[in-house]
Amino acid sequence: MGTVTRRGFVAGSAAIGLGAVAGVGGAATAADAATGFGPVTVRPSDPRYASLTGGYNYRFLGSPDYYRLAGSATQIEQAVGEALRAGRRLAVRSGGHCLEGFVNNPGVDAVIDLAEYNGVYFDAARNAFAVEAGATLGQVYDTLYRGWGVTVPGGVCPQVGVGGHISGGGYGALSRLFGLVVDHLAAVEVVVVGSDSTPRTVLATADPADPRHELWWAHTGGGGGNFGVVTRYWLRSPGASGTDPAALLPKPPATILFSQLSWPWSALTETSFTRLVGNFNRWHEANSAPGSPYASLFATLWLNHVKTGNPALTVQLDGTRSDAQRLLAGFVAAITDGVGVTPVSSTGALPWLLAKNRLGFADFGAGVGKRVKNKSSYVRRGFDTGQLAAIHSHLTRTDYAGTSASILLASYGGAINAVAPTATAIPQRDSIIKAQYSVSWSDPAEDSVHIGWVRELYEDLFAATGGAPVSGDVSDGAYINYPDVDLADPDRNTSGVPWYTLYYKDNYARLQAVKRTWDPLDVFNHDLSVRPS
C-alpha cells in the first residue's frame with residue numbers, strides 16, 4: 001500500500017527498525033514533509049497575538065516578543081536557532097495545558113507554538129506510528145482507532161497536547177490494562193542545543209545500543225521543557241512484531257461498560273463519607289496487581305467540596321468480557337458497602353470511541369479566564385484515619401466559598417506496576433491510585449483565598465511528612481505532569497525531601513546526566529526543570 005498523506009492514514013511496504021534509520025551521527029534522517037503551514041510569527045501588534053497569550057491556566061498570561069507557529073521539525077529547529085542568536089529565552093507550547101507558569105512567564109521572550117504540527121500517521125520506514133508534538137490526545141485517539149483500530153493508554157482530556165503529556169509519562173483509562181504511554185514509546189525526535197549554541201535535530205530510540213538511548217529514556221517521564229524541543233514521537237508496543245500497523249499498538253475494548261454514581265452531601269455524615277473513600281482505597285489495594293481480572297477497570301472518584309457538588313464516581317471496564325456485568329456489580333458493591341447512603345446511579349454501555357469522548361474530562365471544567373492551582377500525589381495504600389478526617393474537614397469547610405474545589409482519586413496500578421522503576425524515567429511503579437487536588441476560580445482578587453484552600457488541604461493531608469507526599473507506606477511522591485512549584489518552596493514543603501526527589505526519586509541523577517549531555521547550556525529551563533548539576 002502506498003503513502004496517502006502525511007496527515008492522514010499513511011502506510012507502506014518496506015519496514016525496518018527504528019534504530020537503523022537514525023544514522024550514526026545522531027541526526028534524524030526521516031523526511032520532514034512539507035506541511036503547507038508556516039512558519040508564522042505573531043508579534044504584539046498582530047491582532048492574533050491576544051488569542052495566543054492564554055492557556056489552560058489564566059493565572060499565567062504570556063507577553064513574549066513573539067509567538068512562532070511552526071508546521072514542521074525543520075521550522076522548529078530554525079526557530080530555536082533564531083531565538084538563540086538573538087539572545088531570547090525560549091519556551092515551547094504543545095497543548096497549552098501547563099498548570100504552572102513555565103511557558104506563560106514574564107521571563108520568556110519567544111514561544112514556539114506547535115499546535116499546527118499535529119500529524120498522526122503510520123511511518124512504514126520506522127514501522128511505528130508517528131505523532132507530531134502539536135497533536136492533541138483527541139486527535140491521536142481518533143486517528144489511530146479510525147485508521148487501524150488501535151490506541152495508546154493516554155489521558156482522558158482530549159484537548160491536552162501530546163508534547164508534554166507523553167514526555168511526563170502519560171496515563172489514562174486504559175493504563176491499568178496496557179501501562180503508561182511511555183511504555184509504548186519507540187523513539188523520539190528532539191531539537192537539542194549543544195555547547196556551541198547550535199540547534200540540531202536528533203532521533204533517540206528505545207534500542208539500548210542506540211548512542212542516544214539515554215535521551216529517549218529521559219523522555220519516558222522526565223517531563224517537558226527540560227532537554228530540548230520534542231518534534232515527534234514514534235509509538236510501537238514492546239514485543240510487537242510484523243509490519244501490520246494494526247498489530248503494533250494495543251486494541252481497546254470494542255465496548256465499554258460503565259456506571260456513574262453520586263451521593264448527596266446532605267445525607268453523608270463524616271462516618272459515611274470516610275467509609276466511602278476507605279472502600280475505594282481498600283478495593284484498589286486488593287485489585288491492582290498486574291494481570292488482575294479487574295485490569296480493564298478504571299474508576300474516578302470525585303470528592304467535591306460541598307459548594308462544588310456531590311461526591312461522584314464513574315467506573316468503566318471492558319464490556320466484551322463474559323464476566324463484565326459481574327465484575328462491575330462486584331466493584332459497585334464493594335464501594336457502597338457500609339456507606340448507608342443510597343447513591344443516584346446509572347449504568348450503560350458504549351462503543352469505545354464514543355465512551356472515550358463521553359466519559360472523558362473536557363478540560364476538567366475550566367474555561368476561558370479560569371485560574372487554577374493543582375497538586376498531586378501517588379497513593380500506595382489507602383489514606384489513614386487522620387488523613388481521611390483532614391479530607392472531610394476541608395471538603396466541608398463553611399468558611400470557604402469556592403465553587404470549584406475537588407480531590408480526584410483515579411485508578412492506577414495494573415500493567416503500570418509491571419515495569420521496573422528504572423526502566424523509564426517515571427519511577428512510581430507500585431502505586432494503586434493517583435490523586436489530584438485542584439481548585440479553579442475566575443477573579444484574580446481571590447487568588448489567595450483559593451490557593452490557600454488547596455495548600456491548607458494538601459499540607460494537612462501530609463502533615464506527618466512535612467506537607468509533602470514523601471515516599472513511604474501511603475504515598476510515593478508527585479506526578480510531574482501536575483507540576484506544583486510549592487514543592488520547591490521550603491516554607492511550604494518542610495519535609496526536607498527536595499522537589500526533584502518527590503517527582504523523580506532515584507532517577508533524578510540520571511536525568512541530570514542527560515541534561516548535561518544534551519542541554520549543557522541549560523537553554524531549556526523553568527521553575528521545576530532538571531538542573532544540570
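Residues numbered from 1 in each chain as written. Predicted model: local features only at pLDDT ≥ 70, side-chain atom pairs only at ≥ 80, totals over all residues. Heavy atoms only, no water.

An unreviewed UniProt entry annotates the chain as FAD-binding oxidoreductase originating from Amycolatopsis tucumanensis. What UniProt records for the chain under Sequence similarities (unreviewed entry) is the sentence "Belongs to the oxygen-dependent FAD-linked oxidoreductase family." Quoted straight from UniProt, the Cofactor (unreviewed entry) entry for the chain says "FAD". (UniProt positions renumbered as here; feature names shortened; annotations may be inferred.)

Draft legend 1. Local environment of the environment of Leu 521. Among the secondary structure elements, Leu 521 is positioned in the segment after helix H14 (508–518). Along the sequence, Leu 521 and Pro 532 sit 11 residues apart, while their C-alpha atoms lie 8.6 Å from each other. Ignoring sequence-local partners within four residues, the contact set of Leu 521 consists of Gly 194, Ser 195 and Ser 197. (Helix = DSSP H or I, 4+ residues; strand = E, 2+ residues; numbered from the N terminus. Contact = heavy atoms within 4.5 Å.)

Draft legend 2. Molecular detail of helix H3 (residues 73–85). Under the 1.5 Å per step criterion, the end-to-end length of H3 is 19 Å for 13 residues, consistent within 8% with the ideal 18 Å. Every buried residue of H3 is accounted for by Ala 73, Gln 75, Ile 76, Ala 79, Val 80, Gly 81 and Ala 83. Taken together, the buried residues of H3 touch strand S2 (66–69), strand S3 (90–93), strand S4 (110–113), strand S7 (185–193), strand S8 (199–205) and strand S9 (229–235). A positive phi of about 70 degrees marks Gly 87, the residue just after H3. (Expected span 1.5 Å × (residues − 1). Buried < 20%, exposed > 50% of the residue type's maximum accessible area, 1.4 Å probe, protein only.)

Draft legend 3. Spatial organisation of the side chain of His 305. Positionally, His 305 belongs in the loop between strand S11 (298–304) and strand S12 (312–318). Leave out the neighbours within four places in its chain, and His 305 touches Trp 265, His 394, Leu 395, Thr 396, Arg 397, Tyr 400, Gly 402, Ala 405 and Trp 453.

Draft legend 4. Representation of the nonpolar core in the model. Membership of the largest hydrophobic core comes to 142 residues, with the highest contact counts inside it found for Trp 263, Phe 331, Leu 409 and Tyr 437. Formed by nine residues, the second largest nonpolar core is a distinct cluster that contains Tyr 49, Leu 52, Leu 69 and Val 103. (Core = buried A, V, L, I, M, F, W, Y, C linked by side-chain atoms within 4.5 Å.)

Draft legend 5. Region of interest: the sheet that holds S8. Taken in spatial order, the five strands of this open sheet run S5-S6-S9-S7-S8, and their pairing is antiparallel. A single partner strand is all that each edge strand has here, and the edge strands are strand S5 (120–123) and S8. Averaged over neighbouring strand pairs, the angle between their axes works out to 25 degrees when direction is ignored. Bridging between S5 and strand S6 (residues 128–132) involves four bridges; their strand directions are antiparallel. Bridged to Val 120 within S6 is Val 131. Helix-sheet contacts for H3 involve S7, S8 and S9, and the interaxial angle to S7 is about 30 degrees. (Pairing = 2+ DSSP bridges. Axes fitted to C-alpha atoms, helices over the stretch in contact; angles between N-to-C directions.)

Draft legend 6. Summary view of helix H12 (residues 447–461). Taking 1.5 Å of rise per residue, the 15 residues of H12 would be expected to cover 21 Å, and the 21 Å separating its terminal C-alpha atoms lies within 8% of that figure. Every buried residue of H12 is listed here: Asp 447, His 450, Ile 451, Gly 452, Trp 453, Val 454, Leu 457, Tyr 458, Glu 459 and Leu 461. Close packing links the buried residues of H12 with strand S14 (371–379), helix H11 (385–395), strand S15 (405–411) and strand S16 (433–441).

Draft legend 7. The sheet that holds S3, seen in detail. Taken in spatial order, the four strands of this open sheet run S1-S2-S4-S3, and their pairing is mixed. A single partner strand is all that each edge strand has here, and the edge strands are strand S1 (40–42) and S3. Sheet twist, expressed as the average angle between the axes of neighbouring strands with direction ignored, equals 25 degrees. Strand direction decides the pairing type here: S1 and S2, joined by three bridges, are antiparallel. Directly across from Thr 41, in S2, lies its bridge partner Arg 68.

Draft legend 8. Region of interest: the side chain of Arg 176. When you line up the elements, Arg 176 lands in helix H6 (residues 175–178). For the buried Arg 176, no salt bridge exists, and the shortest N-O distance to an oppositely charged side chain is 12 Å, to Glu 285. Only 2.8 Å separates the side chain of Arg 176 from the backbone oxygen of Leu 297, close enough to count as a polar contact. (Lys, Arg positive; Asp, Glu negative; His and termini not counted. Salt bridge = Lys/Arg side-chain N within 4 Å of Asp/Glu carboxyl O. Polar contact = N/O pair within 3.5 Å; in protein donor to acceptor, adjacent residues only side chain to side chain.)

Draft legend 9. How the structure looks around the pattern of salt bridges. For the structure shown, the criterion picks out 28 salt bridges. Here Asp 486 and Lys 373 are joined by a salt bridge, their closest N and O atoms 3.9 Å apart. Within this pair, whereas Asp 486 is found in the loop between H12 and helix H13 (499–504), its partner Lys 373 is found in strand S14, the two being separated by 113 residues in sequence. Each member of the pair, Asp 486 together with Lys 373, is buried. One network of salt bridges, in which partners are shared, links Glu 100, Lys 373, Lys 375, Arg 455, Asp 484 and Asp 486.

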